[in-house]
Amino acid sequence: MGIGSGKGKAILFGEHFVVYGFPALAAGISSETVAKVMRRRSSGWVLLDNRPAMPGYKEQKSDEQNVSIENILRYCNIDVSRTGFKVELGGNLVCASGIGASAASSVAIARALNDEYSLGLNDKQINEAAYEGERGYHGTPSGIDNTASTYGGLVWFTRDLKGGPPKFEALKLKRPVHMVIASTGLTASTKEVVGDVKRKKDEDPDWFKELSSEYDELVHEGRDALIQLDLAKVGNLMNRNHELLQEMTVSCRELDSLVEIARKSGASGAKMTGTGRGGNMIALASDEKTMKKIAAALERAKAAGVWTTTFGL
Ligand code: MEV
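None of these values were measured; they are calculated from a predicted model.

S.K.: Can you walk me through the overall build of the protein in this structure?
M.R.: Broken down by element type, the protein carries nine helices and 10 strands. Taken against the 2.2 N^0.38 rule, which gives 20 Å for 313 residues, the C-alpha radius of gyration of the protein at 19 Å falls within 12% of a compact globule. By principal-axis analysis of the C-alpha atoms, the protein measures approximately 55 × 40 × 35 Å. Per-residue burial over the protein gives 57% buried out of 313 residues. The long-range share in the protein, meaning contacts at least 24 apart out of those at least 6 apart in sequence, stands at 77%. A total of about 13,300 Å² of accessible surface is found on the protein, and carbon and sulfur atoms cover 48% of it. Each charge class in the protein can be summarised by its mean position, and for the 40 positive and 39 negative side chains these summaries are 4 Å apart.

This is the structure:
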């Protein structure tokens, strides 16, 4: 049996902008997806998906997940025409839009195949295999999700628009920072949302240019503020990043409402994270006590899921 895991992630700054070559900052979270691969005598592969998930998530993503697994197999050069395998997914990452569940599953599967078939892939190649897996979910992934999932930690990521390898840098903070993640319970199609943003950008390039030039300044300020642990400033910049995403039309009423609750209960800042139009929001907390207060307020408001975590080390 081969085994492998991939971490969930939260994008602190830059979802959607990252697709167009702007830098983004993502934090790997401690929850992860675990894959186990067992060979079998018959051809082809079968999937047993035991991951905890928001209702409807797995059903909605199932066709894309099949394409994703085929893409990973192609990258790994594994031929299942005579004998194949069973892959079992589990772990403690609750699958929802925005948490990097598709990337975590791609990384976990690539690692489990690497283990079972003794492929000798290093992390760079696992990340490439998982990128191919991510392409099953939407045609033009920036690569930030699979990179954060492969390496964990805090990742400063820039896509190469010419198709070359992305640039990424691992950032370390002097102490871990507290964060709350809350789910709307709604599953979005990354393909559709990314496609809508592209249409809007193509229709009005000046609008997108203005939006992204403000974002570009914001993300650099955000990186510096985070390194200095100036959480009040990071929070303000997250709030502004959320407004830019609202203008991009990728937020939604449910996300805005969770963001509002988090801010009112003491968050330094809050924003949607990931694809949007459902999925998750993140809130930054100055300390553990505030984090618990924010989480309790979101629970009282009946968010579909609430998790607390730290990032930065
Ligand atoms: C999804 O987690 C992040 C997006 O920016 C898409 C991508 O980067 O591929 C929306």
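Moving on, there is more to tell.
S.K.: I'm lost on the domain arrangement of the protein in this one. Help?
M.R.: How big an interface is tends to be expressed through the accessible area that disappears when the partners come together. Under the domain assignment, the protein is made up of domain 1 (2-171) and domain 2 (177-311). The centre of domain 1, based on its C-alpha atoms, is set 23 Å off from the matching centre of domain 2. Contacts between the two partners involve 35 residues from domain 1, matched on the other side by 48 residues from domain 2. Both faces combined, the contact of domain 1 with domain 2 buries some 3,400 Å², and carbon together with sulfur accounts for 68% of it. Contact with domain 2 buries area across many residues of domain 1, yet Phe13, His16 and Phe17 alone supply 23% of it, more than any other trio. A salt bridge links Arg223 to Glu169, with the nearest nitrogen and oxygen atoms 3.1 Å apart.

S.K.: Just to check I follow, could you spell out the nonpolar core for this structure?
M.R.: Across soluble globular proteins, you tend to see nonpolar side chains buried next to one another. By size, the foremost hydrophobic cluster in this structure holds 74 residues, and its most contacted members are Leu12, Phe13, Met281 and Phe311. Looking at which element gives the most residues to this core, the answer is helix α6 (residues 205-227), with eight residues. Beyond its immediate chain neighbours, meaning those up to four positions away, Phe311 contacts Leu12, Ala27, Gly28, Leu154, Leu173, Pro176, Val177, Met179, Leu226 and Leu284. Judged by nonpolar contacts, the second largest core, of 23 residues, contains Trp45, Ile72, Ala112 and Leu113.

S.K.: What is the right way to look at the environment of Ala297 in this model?
M.R.: As for its placement among the helices and strands, Ala297 is situated in helix α9 (residues 288-300). Spatially, the C-alpha atom of Ala297 lies 40 Å from that of Glu203, the residues being 94 residues apart in sequence. Residue contacts for Ala297: discarding those within four places in its chain leaves Ile261 and Ser265.

S.K.: Just to check I follow, could you spell out the pattern of salt bridges for this structure?
M.R.: Oppositely charged side chains can form a pair if their charged atoms are brought close together. For the coordinates displayed, the defined rule picks out 18 salt bridges. Residues Lys7 and Glu32 are paired through a salt bridge, measuring 3.6 Å at the closest nitrogen-oxygen approach. One end of the pair, Lys7, is in strand β1 (residues 2-13); the other, Glu32, is in strand β2 (residues 24-40), and 25 residues separate them in sequence. Since its relative accessible area comes to 22%, Glu32 is described here as partly exposed. In this structure, Glu221 engages Lys233 in a salt bridge whose closest nitrogen and oxygen atoms are separated by 3.7 Å. Of the two residues, Glu221 is situated in helix α6 and Lys233 in helix α7 (residues 231-247); the sequence distance between them amounts to 12 residues. For Lys233, a relative accessible area of 35% puts it in the partly exposed group. Here the residues in one salt-bridge network are Asp49, Arg51 and Lys58, joined through shared partners.

Definitions and limits used
Residues numbered from 1 in each chain as written. Predicted model: local features only at pLDDT ≥ 70, side-chain atom pairs only at ≥ 80, totals over all residues. Heavy atoms only, no water. Helix = DSSP H or I, 4+ residues; strand = E, 2+ residues; numbered from the N terminus. Rg over C-alpha atoms; globule rule 2.2 N^0.38 Å. Buried < 20%, exposed > 50% of the residue type's maximum accessible area, 1.4 Å probe, protein only. Contact = heavy atoms within 4.5 Å. Areas by Shrake-Rupley, 256 points an atom, 1.4 Å probe, with all protein chains shown as cover. Lys, Arg positive; Asp, Glu negative; His and termini not counted. Charge placed at Lys NZ, Arg CZ, Asp CG, Glu CD. Domains from an automatic or database assignment. Buried area = accessible area lost by both parts, 1.4 Å probe. Salt bridge = Lys/Arg side-chain N within 4 Å of Asp/Glu carboxyl O. Core = buried A, V, L, I, M, F, W, Y, C linked by side-chain atoms within 4.5 Å.

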